[in-house]
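A closer look at the structure
As a plain string of letters, each chain reads:
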Amino acid sequence: MLARPLLIGSEIYRRSTYGPRHPLAIPRVSTALDLIWALKAVEPARYIDSPRASLDELARFHDRDYLAALALAERDRKQLTDELRRRYHIGINGNPIFPEILSRPSTAAGGTLKGLALLHEAGGGIVHNVGGGTHHGRPDRASGFCYLNDPVLGMLDLLERGYSRILYVDLDAHHADGVQDALSHDPRVLIVSVHEAGRWPYSGTLGDRGQGQARNIPVPPGFNDDEMDFILDEALLPLAERFRPEILILQLGADALAEDPLSKQELSNGSLWRAVAALKRVAPRVLALGGGGYNPWSVARAWAGNWLVLNDLAIPERLPAEAETVLRALHWDHSKGREPPEHWFTTLADTPRPGVIRDAVRLAVADVLA
Ligand SMILES: [Zn+2]
């Protein structure tokens with residue numbers, strides 16, 4: 001049993017970007033980690049520099065010819081023909097070719113595999129791989145800014161180790177389609193995704209159970225804190241209680257927050273943190289991951305808070321100067337980033353965003369429990 005949570009990160013996330021006009025032009029993992037250090041919420045002994053997954057490890061899920069194309073794109077992008085780009089959806093469809101196109105996602109995957117190995121060896125505990133959560137990745141192509149699929153690679157590894165009750169919970173604004181399609185046939189896995197209805201990738205609709213083991217909770221635009229709390233209490237916790245997971249993998253995309261530019265959900269980070277606090281108790285082993293999140297301030301504040309919650313540490317009312325400096329150094333080339341409000345620099349917690357629990361949410365909850 002790990003005495004205290006472990007944090008996995010890498011400097012590769014600081015150095016690399018998807019290019020200046022992409023939603024992932026912004027630093028996310030590096031800013032969250034800088035905040036965590038500035039808050040003195042981790043010590044060197046609990047920080048792990050993420051290994052990279054090997055090609056053999058990646059090939060448990062991904063096709064070797066696709067991995068070879070990613071390696072080629074990283075080595076010399078000019079050699080990647082239009083035909084290969086089209087076949088593997090790289091250099092098109094929002095999946096740019098960038099200098100770390102293989103090494104960065106394989107670091108995210110390596111971190112997830114490392115985290116699970118540590119939890120397995122210790123027999124229990126909490127690990128947070130902030131760069132993980134690439135839930136759209138497909139065996140043979142990139143999708144939705146995801147080149148690989150670290151949650152699927154992680155769950156395949158757990159299945160090989162003999163686990164038979166693996167719970168995956170995904171709070172990202174987008175449906176966990178890559179995970180559902182890869183693993184929802186397997187009764188040893190339960191895949192629960194809360195995401196915005198009517199948004200890309202348009203799957204995970206009401207009643208969609210994939211190949212049996214998926215539970216989808218599509219929520220309407222404007223999704224608020226009270227609705228998230230309702231889903232937590234009435235669906236996520238009861239599903240977990242029934243399934244009695246040996247291990248929980250928690251995808252904590254921060255794009256359902258009100259200030260995110262890629263969704264119409266209206267959550268405050270407090271509702272994500274309440275979910276983290278409650279869900280970390282449903283299994284003896286917990287691997288928390290990152291995911292989406294396209295406003296550099298809201299994603300960094302949410303993810304730093306996730307780590308505090310995983311450690312049972314209080315959220316500070318006002319950030320210490322060192323943490324404020326991290327947030328003031330950010331730039332965001334987006335209309336919402338031109339005049340960032342002062343509280344994005346000085347606080348971690350958003351103003352709560354309560355609201356009415358709408359019928360669509362009640363219906364979705366009833367559906368997954370049926
Ligand atoms: Zn997302």
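Below: a short report on this structure. For every chain, the first residue of the written sequence is number 1, and numbering continues from 1 along that sequence. Note on the predicted model: pLDDT of at least 70 is required for a residue's local features to be given, and 80 or more for side-chain atom pairs to be given and counted; whole-chain, interface and lining totals, by contrast, use all residues. Heavy atoms from the whole structure form the basis of all side-chain values; hydrogens and water molecules are not counted.

**Quick notes on the overall build of the protein**
Counting its secondary structure elements, the protein contains 14 helices and eight strands. For a compact globule the rule gives 2.2 Å times the number of residues to the power 0.38, and the radius of gyration it is set against comes from C-alpha atoms. Relative to its length of 370 residues, the protein is compact, with a C-alpha radius of gyration of 19 Å against a globular reference of 21 Å. Principal-axis analysis of the C-alpha atoms places the extent of the protein at approximately 50 × 45 × 40 Å. Contacts in the protein between residues far apart in sequence, at least 24 positions, make up 78% of those at least 6 positions apart. Only the protein chains shown count as cover for residues, with accessible areas throughout obtained via the Shrake-Rupley method and a probe of 1.4 Å. Working note: accessible area of the protein is about 14,100 Å², and carbon and sulfur atoms make up 52% of it. His residues and chain termini do not enter the charge count, which takes Lys and Arg as positive and Asp and Glu as negative. Charge positions are represented by NZ for Lys, CZ for Arg, CG for Asp and CD for Glu. For the protein, the distance from the average position of its 41 positive side-chain charges to the average position of its 47 negative side-chain charges is 2 Å. For the purposes of this entry, the term helix denotes a DSSP run of H or I that reaches at least four residues, the term strand denotes a run of E that reaches at least two, and both are numbered from the N terminus. When checking whether two residues touch, look at their non-hydrogen atoms; a contact exists if any pair is within 4.5 Å.

**A closer look at helix H7 (residues 150-160)**
For each residue, the accessible area found with a 1.4 Å probe, counting protein chains only, is set against the maximum for its type, and the residue is called buried under 20%, exposed over 50%, and partly exposed in between. Of all eleven residues in H7, nine are buried; the element is thus mostly enclosed. Within H7, burial applies to Asp150, Pro151, Val152, Leu153, Gly154, Met155, Asp157, Leu158 and Leu159. Between a side-chain oxygen at the N-terminus of H7 and the backbone nitrogen of Val152 the separation is 3.1 Å; the capping residue is Asn149. After H7 finishes, the residue Gly162 shows a positive phi value of roughly 100°. Nitrogen and oxygen atoms within 3.5 Å of one another constitute a polar contact, given that in protein one can donate a hydrogen and the other can accept it, and given that sequence-neighbouring residues count only through two side-chain atoms.

**So, the packing of aromatic side chains**
Here a Phe, Tyr or Trp ring, Trp counted by its six-membered ring, pairs with any other such ring whose centre lies within 6.5 Å, and the pair is stacked when the planes are under 30 degrees apart, edge-to-face when over 60, and tilted otherwise. Taken as a whole, this structure holds eight aromatic pairs when the rule is applied. A centroid spacing of 4.5 Å and a plane angle of 25° characterise the contact between Tyr18 and Phe98, whose relative ring orientation is stacked. Here Tyr18 is found in the loop between helix H1 (12-15) and helix H2 (29-38), whereas its partner Phe98 is found in the loop between helix H5 (82-88) and helix H6 (103-122), with 80 residues between them in sequence. Owing to a relative accessible area of 3%, Phe98 belongs among the buried residues under this scheme. When the centroid spacing of 6.0 Å and the interplanar angle of 70° are considered together, the rings of Trp297 and Phe345 count as edge-to-face. One end of the pair, Trp297, is in helix H11 (residues 296-310); the other, Phe345, is in helix H13 (residues 343-346), with 48 residues separating them in the sequence. Here Trp297 and Phe345 have matching classes, each one buried. An aromatic cluster is present here, built from Tyr18, Phe98 and Tyr147 joined pairwise through their rings.

**Section: the coordination of the zinc ion**
Water is not among the atoms examined, so metal sites may look incomplete; donors are the N, O and S atoms within 2.8 Å of the metal, or within 3.2 Å for Na, K and Ca. At the metal site, the zinc ion is ligated by Asp172 (OD), His174 (ND1) and Asp255 (OD), and these contacts range over 1.9 to 2.1 Å. All donors to the zinc ion come from one chain, and their sequence spacing reads D-x1-H-x80-D. Taken together, the positions of His174 in the loop between strand S4 (166-170) and helix H8 (177-183) and Asp255 in the loop between strand S7 (247-251) and helix H10 (269-279) put the pair 81 residues apart, joining distant regions of the chain. Given a relative accessible area of 9%, His174 falls into the buried group. According to the relative accessible area criterion, Asp255 is buried, its value standing at 0%.

**Quick look at the environment of Val42**
When you line up the elements, Val42 lands in the loop between H2 and strand S2 (47-49). Note on Val42: relative accessible area 6%, which makes it buried. For the pair Val42 and Leu7, spaced 35 residues apart in sequence, the C-alpha to C-alpha distance is 7.8 Å. Excluding residues within four positions of it along the chain, Val42 makes contact with Leu7, Ile36, Trp37, Tyr47 and Trp307.

**Details of the nonpolar core**
Nine residue types can take part in a nonpolar core, namely buried Ala, Val, Leu, Ile, Met, Phe, Trp, Tyr and Cys, and a core is a set of them joined through side-chain atoms within 4.5 Å. Val169, Leu171, Ile217, Ile231 and Leu236 are the most contacted members of the largest nonpolar core, which totals 73 residues. Ignoring anything within four residues of it in the chain, the contact list for Leu236 reads Val169, Leu171, Val192, Val194, Ile217, Met228, Ile231 and Leu279. With 52 residues, the next largest nonpolar core counts Leu58, Leu72, Ala142 and Leu287 among its residues.

**Overview of the pairing of strand S1 (residues 6-9)**
Every second residue of S1 is oriented toward a common face, with Leu6 and Ile8 on one face and Leu7 and Gly9 on the other, all of them buried. DSSP-based pairing: two strands are paired if at least 2 bridges between them are found. Sheet topology places S1 next to S2; three bridges connect them, and they run parallel. For Leu7, the partnering residue across the bridge sits in S2 and is Tyr47.

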